[in-house]
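As a plain string of letters, each chain reads:
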Amino acid sequence: QVQLVESGGGLVQAGGSLRLSCTASGRTFSSYRMGWFRQAPGKEREFVARISRSGGNTYYADSVKGRFTISRDNAKNTVYLQMNSLKPEDTAVYYCAADSSIVPSTRTYEYDYWGQGTQVTVSS
């Protein structure tokens, strides 16, 4: 069992930056691939970024590529999402998730554990 707690959301103006953090309980954090997803009002939850167990490989949705950076610190059981050049369309609740599957995925149903989410609001 893994419990995930996100933090770092808030209100920011367009063009600004935020860094989200997600801290996991338990001693098996490094055995999970980690992902960030987001869900805007009235829309389905969508993939944002994922990072391999070691942190050596990352993958991003086209909509955030070049603006967002995912990283992890296994010693701190924490995964981060640095968000730069934020746009109003980035406004959503952001969730981190843990994936134990063999093949990396961008699909929500492949992820085993989810945090409660943190709100990010970007004003124009």
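Trainee: How should the overall build of the chain be read in this particular structure?
Mentor: Counting its secondary structure elements, the chain contains zero helices and eleven strands. Moving toward the C terminus, one meets the helices and strands of the chain in the order β-β-β-β-β-β-β-β-β-β-β. The globule rule puts the C-alpha radius of gyration for 124 residues at 14 Å, and the 13 Å found for the chain is close to it. Summarising its shape, the C-alpha atoms of the chain cover approximately 40 × 25 × 25 Å along the three principal directions. In the chain, which comprises 124 residues, the proportion classed as buried is 44%. By sequence separation, contacts in the chain at least 24 residues apart represent 58% of the contacts at least 6 residues apart. Computed over 14 positive and 10 negative side-chain charges, the separation of the two mean positions in the chain equals 5 Å.

Trainee: Looking at this structure, I do not really get the environment of M83. What am I missing?
Mentor: Assignment of secondary structure puts M83 in strand β8 (residues 78–83). When the C-alpha positions of M83 and G66 are compared, they lie 9.6 Å apart, and in sequence the two are 17 residues distant. Ignoring sequence-local partners within four residues, the contact set of M83 consists of G16, S17, L18, L20, R67, F68, Y94 and V120.

Trainee: How should the pairing of strand β4 (residues 33–39) be read in this particular structure?
Mentor: Within β4, six of the seven residues are buried, leaving the element largely enclosed by the surrounding structure. Here β4 pairs with strand β5 (residues 46–51) via five bridges, running antiparallel. Residue G35 lies in a different strand from β5, and its bridge partner there is R50. The antiparallel pairing of β4 with β5 creates a hairpin that spans six residues between the two strands, and G42 there sits at a positive phi of about 80 degrees.

Procedures and definitions
- Residues numbered from 1 in each chain as written.
- Predicted model: local features only at pLDDT ≥ 70, side-chain atom pairs only at ≥ 80, totals over all residues.
- Heavy atoms only, no water.
- Helix = DSSP H or I, 4+ residues; strand = E, 2+ residues; numbered from the N terminus.
- Rg over C-alpha atoms; globule rule 2.2 N^0.38 Å.
- Buried < 20%, exposed > 50% of the residue type's maximum accessible area, 1.4 Å probe, protein only.
- Contact = heavy atoms within 4.5 Å.
- Lys, Arg positive; Asp, Glu negative; His and termini not counted.
- Charge placed at Lys NZ, Arg CZ, Asp CG, Glu CD.
- Pairing = 2+ DSSP bridges.

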